[in-house]
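Observations on the three-dimensional arrangement
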Amino acid sequence: MTQVLSTTPQLGQILRSARRASKLTQGQAATRLGLSQSRLSALELVPKAISAEQLLALVNLYGLELIIQSKDAAPASEKTDW
C-alpha cells in the first residue's frame, strides 16, 4: 500500500485503515501501545495532536513504513542504491 499524505484528516483515515487491515480493534491496538481506547479513537478522528513517538509506534504496530521525500523526488521504490 502506498499513500500520499497531505492533510491531517488523511493521516487519521490511513491509520484507521491500517489498523483494520491488521485485524485489530481500537482496544487491542491501544493496549499494545499503552494507550486508552479513547485516546486511539481521538488520534484516528483528529490526528492533529499525535506525537512523532505515537505516530512511529502506530506505523510499526501496523507493519507500515514511513518515508519522507521531496515532492519532486521519484518514489522510493524507483531510486537506485549506490
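Up top is the structure.
Everything quoted here is computed from the prediction, not taken from an experiment.

What counts and how
- Residues numbered from 1 in each chain as written.
- Predicted model: local features only at pLDDT ≥ 70, side-chain atom pairs only at ≥ 80, totals over all residues.
- Heavy atoms only, no water.
- Helix = DSSP H or I, 4+ residues; strand = E, 2+ residues; numbered from the N terminus.
- Buried < 20%, exposed > 50% of the residue type's maximum accessible area, 1.4 Å probe, protein only.
- Areas by Shrake-Rupley, 256 points an atom, 1.4 Å probe, with all protein chains shown as cover.
- Core = buried A, V, L, I, M, F, W, Y, C linked by side-chain atoms within 4.5 Å.
- Contact = heavy atoms within 4.5 Å.

1. Observations regarding the overall build of the protein
Scanning the protein from N- to C-terminus turns up four helices and zero strands. Sequence-ordered secondary structure for the protein, helices as α and strands as β, is α-α-α-α. Relative to its full complement of 82 residues, the protein shows a buried share of 26%. Summed over all atoms, the accessible surface of the protein reaches about 6,100 Å², with 52% contributed by carbon and sulfur.

2. Comments concerning the nonpolar core
Of all hydrophobic cores here, the largest spans 13 residues; its most connected members are Leu15, Leu40, Ile50, Leu55, Leu58 and Tyr62. Only helix H1 (8–21), helix H2 (26–33), helix H3 (37–45) and helix H4 (52–61) provide two or more residues apiece to this core. The contact partners of Leu15, leaving out residues within four places of it in the chain, are Glu44, Ile50, Leu55, Leu58 and Tyr62.

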